[in-house]
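Listed below are the residues making up each chain.
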4 protein chains.
Amino acid sequence: MIKVAINGYGTIGKRVADAVAAQPDMEVIGVSKTSVSAEAYIAKERGYPLYIADLGKKPAFEKAGIEVAGDVEAMLKAADIVVDATPGGVGEKNRPIYEKLGKKAIFQGGEDHEVAGFSFNAHANYNEAENHQFARVVSCNSTGLVRIIHALDQAFGVARVRAVMVRRGADPDDVKRGPIDAIVLNPASIPSHHGPDVNTVLPHINIVTLAMIVPTTFMHMHSIQMDLKKETTREEVLKVFENHSRIGLVRKTMGIKSNAQLREYTQDLGRPRTDLWENGVFEESVSILDGKEFYCFQAIHQEADVVPENIDCIRALMGTVKDPQESIRMTNEALGLVAIG
Amino acid sequence: MIKVAINGYGTIGKRVADAVAAQPDMEVIGVSKTSVSAEAYIAKERGYPLYIADLGKKPAFEKAGIEVAGDVEAMLKAADIVVDATPGGVGEKNRPIYEKLGKKAIFQGGEDHEVAGFSFNAHANYNEAENHQFARVVSCNSTGLVRIIHALDQAFGVARVRAVMVRRGADPDDVKRGPIDAIVLNPASIPSHHGPDVNTVLPHINIVTLAMIVPTTFMHMHSIQMDLKKETTREEVLKVFENHSRIGLVRKTMGIKSNAQLREYTQDLGRPRTDLWENGVFEESVSILDGKEFYCFQAIHQEADVVPENIDCIRALMGTVKDPQESIRMTNEALGLVAIG
Amino acid sequence: MIKVAINGYGTIGKRVADAVAAQPDMEVIGVSKTSVSAEAYIAKERGYPLYIADLGKKPAFEKAGIEVAGDVEAMLKAADIVVDATPGGVGEKNRPIYEKLGKKAIFQGGEDHEVAGFSFNAHANYNEAENHQFARVVSCNSTGLVRIIHALDQAFGVARVRAVMVRRGADPDDVKRGPIDAIVLNPASIPSHHGPDVNTVLPHINIVTLAMIVPTTFMHMHSIQMDLKKETTREEVLKVFENHSRIGLVRKTMGIKSNAQLREYTQDLGRPRTDLWENGVFEESVSILDGKEFYCFQAIHQEADVVPENIDCIRALMGTVKDPQESIRMTNEALGLVAIG
Amino acid sequence: MIKVAINGYGTIGKRVADAVAAQPDMEVIGVSKTSVSAEAYIAKERGYPLYIADLGKKPAFEKAGIEVAGDVEAMLKAADIVVDATPGGVGEKNRPIYEKLGKKAIFQGGEDHEVAGFSFNAHANYNEAENHQFARVVSCNSTGLVRIIHALDQAFGVARVRAVMVRRGADPDDVKRGPIDAIVLNPASIPSHHGPDVNTVLPHINIVTLAMIVPTTFMHMHSIQMDLKKETTREEVLKVFENHSRIGLVRKTMGIKSNAQLREYTQDLGRPRTDLWENGVFEESVSILDGKEFYCFQAIHQEADVVPENIDCIRALMGTVKDPQESIRMTNEALGLVAIG
């Protein structure tokens, strides 16, 4: 059993914790939290040992009826590997601690590539992880782009990608961030940083990205165009997606035409926390124009798509499973991830 | 086993179906749908026999891979009782069919009181149901009001209620309804119709309600003020709520101060469809001013709070369980409803 | 003086009416309204004779203190030309009336091209209007696309256009339409109908468009990519825009990075109804990649950009001004339209 | 001519500047800005001398084509009185500077009462201002409450006020603040601080306030209930409002039932920046229940209602006009403020 510590029990951390707990070859040895909150009660509910950064706050936790197992360093010491799910930029500050303790660690996409020196996606570069102490699971948007670009690149070759990302403004429970009524260029300059981020995993891909932020909380929506190297048909592209274990197809007959309706569907399916772990490609949108020009819309659940990637990344860094497809299969089976469609 | 048909498998119907299926003394003998949709796939996923209004659409369902068990009339005939969860106003049109077939039926709050002739709330008037063929579970807002007013009326007597309801504009998956950026008076005249609706269950309560619609999807928020007949303290009021099986307390230590954060919490709890079946009273807001003036904020999950009431209403109409508290206990236990807090 | 009737005094009609009234060669001989509303009070405030469809409603208007000049047919008879600004689809029903009365008429983009048989944009095809009885000013989105595509096509040649339109969900005062929290594919299939609509004005342009709807009210945002026929530089492209009387540049130093901030700026400028009549191209976004690949973001004010086009279309259909640049100059001067930047 | 300096040229400052410039007895001698922005361009457009806090930034302004008149201290020295419209909390830091320079100053509602030691509303306590060096114009919400409470208190006596304020989440151009999809209790405890703030102007009023924040940008909406001391009728109350120069009535015939539609109306009226300077009381909502219980909804334009109050406060502090009604009349006339309805 791989002993996993979750440093940062928030939007991503709480999901990774449950995903780890569901795996046959891993266990959650602790999660960390800086202050009393609803999520601390959830950690207690789940039975995860709760560690805190500042033991001076222990009385506040205990007053709220939440037991504290110790400080974060104690948790880290007990772990084989750390999933750092702290807010963007904090991972960089934590890295020296992991180095000092000699612990393997996984950072999230809120950190720069350089913090880990290696950026990860299960389908694209699993086997490159083995000799690294650190890895970074690229951001939700980059993960979604890497999956679909890599799949089509393997099948048909990709000459150029042009993607417009319409991003959710805040997560559903983040009541402070806006915008309320605006489309915000993010950034106003072109291209955005997302293309170079995709290149940390797929260095040879020629990609231009643009991004806006809009007042929605449920999922990002990508409009993707790729110039393919080989001519193909819509049917062949759909087959590639059908055969991909982390690309789902939102079938036309379902009548789902928005991120909100897609989230309702994953909720109805009983997915934990309504998570869409896979890319949500809208079947109706999948188009090949002029033989080589691919188009589609895909929904990316910002809270969820990196969760299975973190699980695979644990195995890849630990070296316990050599075959990426085997790890992906194990992860998906344990989560109950059968791509929609 | 009470054979229950769910006529209308939408926002409420799909929740009631799962709640019925979870009870030890009931079974879902069918659900109905008018056209192919994501929810039809969910009915299939759950294994509920699917009936359709117009058999002419059977080929469309079958083409989408969804088996059709028959037409709606066949479903109704096979049932002991029907939960009518069709859109507001359709229930009225369905009533003659239920009369013709001699079936008991439960309508939702989108219908007028007169459609059923009896309006229901489990805590307030369970035992009045027995001799009725029809009952109406009052709307989400009225259910939330009735629960808290009845609880305080039993404990302290209520001389007057003044409630301002800030309503969600649309359900999360309803992408057509607004407003996008507005506070809409609904209605602009005072009082709103909610007070009289509460009076269909609690006729003696003196109540004035006001309502607005705002651009949110998660839950309604009620601001409630009551003039109590007896002096009391905040602590005694909190005790009343703690002892009520369908009033939850959002504890101050949780740091939850909005409907969105509360929904994140029920999602983290693993509640099916993130449902808050109980009233979500904010502990911090519970106040007694000048000895007799009660104030609080409560969140009401428009999709969920009527679900357990429908279950109790089934037993009440069927006469199979005489004691309201016993039915409430059975319903809550089967759902896993332990009021938060 | 050209006698102009405005049939439909709503979002577009009220703006066109004021724009007509500001021109030296036109006058508003009447506006029409179907029922008493805030806009009827505004018509009275402005002193526009108000005509109504159904004289039976005259008492309701008079009770509200609003004088009625007569019925719509009387207004039409008194006009040289009609600007039909009725809701989408109503124009088609009105066309036989204009034919019967032998009146020239201008329809809006909510009507199909076939309703007028000729689709108009001042910069692109002013001189083709002269022999037509009817013209259609293309929709706000198409007008915005036509302006920028035509400008670059004239300067550098355009081989292919790929545009992703992120559309506002509703106008600011439309409190019924959503979405509240969703990104809606509109349509989910690719391409959208906007490309063919651009082709009604610029038939030779090779264009693929995609569209989504988001919860904002202020302006649409276009992400545009064009393959140019000639190599060029960012500076040359900026010069084209600077020299275009209906393309504005949102300068980087202004710090405006959203539709909301741009609207605040036009409001601060004192523009009537905060109207951005020109395209709002974000200077910072204007990019030439690899010599021939153009990119930019542009904001399109859905309520405003067609207003000056309607004015020019009046002159073009009436044949009173032969030179498009002269009409555009007259229109802009009367409105005070000096493109931002 | 009173020489007025506007320290802070943002949402409030730019409106107060234009209002000052419109008065016959005042002039804007300068406005201040900390960095280059769209508003700096507007100051230039209006011809207001622009002063900056840090002269080191002068080159940045000049590069953007904006002339700098000097530093803020130079502006303050040249003024008879300062309107401090800096962000909340900055006014407190500025106070010692005003003291040092011996300048009268007006703070906004973002500052605590203690910063000025005197809180102002033109109708309620104009004549108390004269011997003060400093005054604070209470916040938009408090101004709106004070106006209506004072009016009814004068007419009928007010025994108790209960107000629920549903607040806009952010101003239209503030794209960073949320919430996007939430109703946020602000605060979750009851009562909110607004009641005590009203008491800084009307100390004898017995008032309980509650507040929530919702995802809208246009205006706040107040639900107000008052126990009156004398019996009255709806008609008498409407007369009080009709006779009040800063309480407008949104007439039922206008069909306006939301803050968004009300803002469209002020925009159509051609009000500068669409400003609703007066309270917007919804005629239809004005109710008297049981003879003494008053109810209504009122819209409060957060950006605008304090603007005329600042103008009156200038005269009150300077002592140039002794009669409040005369100052109010002058202010309203110069602004073109004729209360709607």
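Residue positions are counted from 1 within each chain, in the order its sequence is given. As a convention, the first chain written is A and the first ligand written is 1, with the rest following in written order. Given that the model is predicted, a residue must reach a pLDDT of at least 70 before its local features are reported, and side-chain atom pairs must reach 80 or more before they are shown or counted; all residues, however, enter totals for whole chains, interfaces and linings. For side-chain calculations, the full set of non-hydrogen atoms in the structure is used, while hydrogens and water are omitted.

Undergrad: Help me understand the sheet that holds strand E7 (residues 119–120) of chain C, please; the structure alone is not making it clear to me.
TA: Residues and elements named next belong to chain C. Pairs of strands are assigned from DSSP output, requiring at least two bridges between the strands. Helix and strand definitions here come from DSSP, where helices need a minimum of 4 consecutive H or I residues and strands a minimum of 2 consecutive E residues; each element is numbered from the N-terminal end. In spatial order, the strands read E4-E3-E2-E1-E5-E6-E8-E7; together these eight strands make up an open sheet with parallel pairing. Lying at the two open borders of the sheet, with one neighbouring strand each, are strand E4 (70–71) and E7. With five bridges joining them, strand E1 (residues 2–7) and strand E2 (residues 26–33) adopt parallel strand pairing. When the sheet's bridge partners are listed, Ala5 is paired in E2 with Gly30.

Undergrad: Explain the relation of the copies chain C and chain A here, please?
TA: A rotation about some axis, followed by a shift along it, carries one copy of the chain onto the other. Least squares is the method for superposing the copies, and the C-alpha atoms it fits come from residues with pLDDT of at least 70 in both. Here chain C sits on chain A after a turn of 180 degrees about the axis and a move of 0.0 Å along it, with an RMSD of 0.0 Å. Both copies are brought into coincidence by an operation consistent with a two-fold rotation axis. Ranked by how close their C-alpha atoms come to the rotation axis, the residues of chain C are headed by C:Pro215, at 3.0 Å. By definition in these notes, contact holds between two residues if any of their heavy atoms fall within 4.5 Å. A symmetric contact is evident, with 100% of the interface residues of chain C recurring at the interface of chain A.

Undergrad: Could you clarify how one ought to interpret the environment of D:Val208 in this entry?
TA: Position of D:Val208 relative to the elements: it lies in strand E11 (residues 207–214). Note on classification: 1.4 Å probe, protein chains only; a residue is buried when its accessible area is under 20% of the maximum for its type, exposed when over 50%, partly exposed between these limits. Its relative accessible area of 5% is what places D:Val208 among the buried residues. Separated by 162 residues in the primary sequence, D:Val208 and D:Arg46 place their C-alpha atoms 42 Å from one another. With near-sequence residues (within four places) excluded, D:Val208 lies in contact with B:Leu289, B:Tyr295, D:Arg160, D:Val161, D:Arg162, D:Ala163 and D:Pro191.

Undergrad: Which parts of the structure should I look at to understand the state of the cysteines?
TA: Think of a disulfide as a covalent bridge from one cysteine sulfur atom to another cysteine sulfur atom. Sulfur atoms of two cysteines make up a disulfide when they are within 2.5 Å. All chains considered together, the criterion is met by zero disulfides over all chains. There is no disulfide at A:Cys140, and the cysteine sulfur nearest it, in A:Cys313, is 16 Å away.

Undergrad: When you look at the UniProt feature "binding site: NAD(+)" in chain A in this model, what are you seeing that I'm missing?
TA: Residue and element names in this part refer to chain A. In this numbering, the UniProt entry assigns the feature "binding site: NAD(+)" to Thr11, Ile12, Gly110, Arg168 and Gln302. Of note, Ile12 is situated in helix H1 (residues 11–22). Note on Ile12: relative accessible area 17%, which makes it buried. Tracing the backbone shows Arg168 in strand E9 (residues 158–168). Look past the residues within four positions of Arg168 in its chain and what remains in contact with it is Ile213, Val214, Thr216, Thr217, Phe218, Met219, His220 and Gln302. Two N or O atoms form a polar contact when they lie within 3.5 Å of each other; inside protein one atom must be a possible hydrogen donor and the other a possible acceptor, and for residues adjacent in sequence the pair counts only when both atoms belong to side chains. A polar atom in the side chain of Arg168 sits 2.9 Å from the side chain of Asp171. UniProt positions are given in the numbering used here, feature names are shortened, and annotations may be inferred rather than shown by experiment.

Undergrad: How do you make sense of the UniProt feature "active site" in chain A when you look at a structure like this?
TA: All names here are of chain A. The sites that UniProt annotates as "active site" are Cys140. Looking at the secondary structure, you find Cys140 in helix H8 (residues 140–156). Judged by its relative accessible area of 14%, Cys140 is buried. Contact partners of Cys140, with chain neighbours within four places excluded, come to His220, Ile300, Gln302, Asp305 and Val306.

Undergrad: I keep staring at the interface of chain D and chain B and nothing clicks. Help me out?
TA: When the parts come together, some accessible area is lost, and that loss is often what is quoted as the size of the interface. Listed as interface residues are 42 residues of chain D and, on the opposing side, 42 residues of chain B. Taking both partners together, chain D and chain B bury about 3,500 Å²; carbon and sulfur atoms supply 65% of that area. By definition here, a salt bridge exists when the distance from a side-chain nitrogen of Lys or Arg to a carboxyl oxygen of Asp or Glu is within 4 Å. Taken together, chain D and chain B are joined by six salt bridges. With a closest N to O distance of 3.1 Å, B:Arg160 and D:Glu293 form a salt bridge. Inspection of the region where chain D meets chain B yields 21 residue pairs in polar contact (both at pLDDT 80 or more). At the level of elements, strand E9 (158–168), strand E10 (184–185), E11, strand E12 (220–228), helix H11 (259–268), strand E15 (287–289) and strand E16 (293–300) of chain D are the ones that each hand at least two residues to the side of chain D that touches chain B. Classes in brief: Ala, Val, Leu, Ile, Met, Phe, Trp, Tyr, Cys and Pro nonpolar; Asp, Glu, Lys and Arg charged; the others, Gly included, polar. Split by residue class, the side of chain D that touches chain B holds 25 nonpolar, nine polar and eight charged. As a working definition, buried area equals the accessible area (1.4 Å probe) given up by two parts on being put together, with both sides summed.

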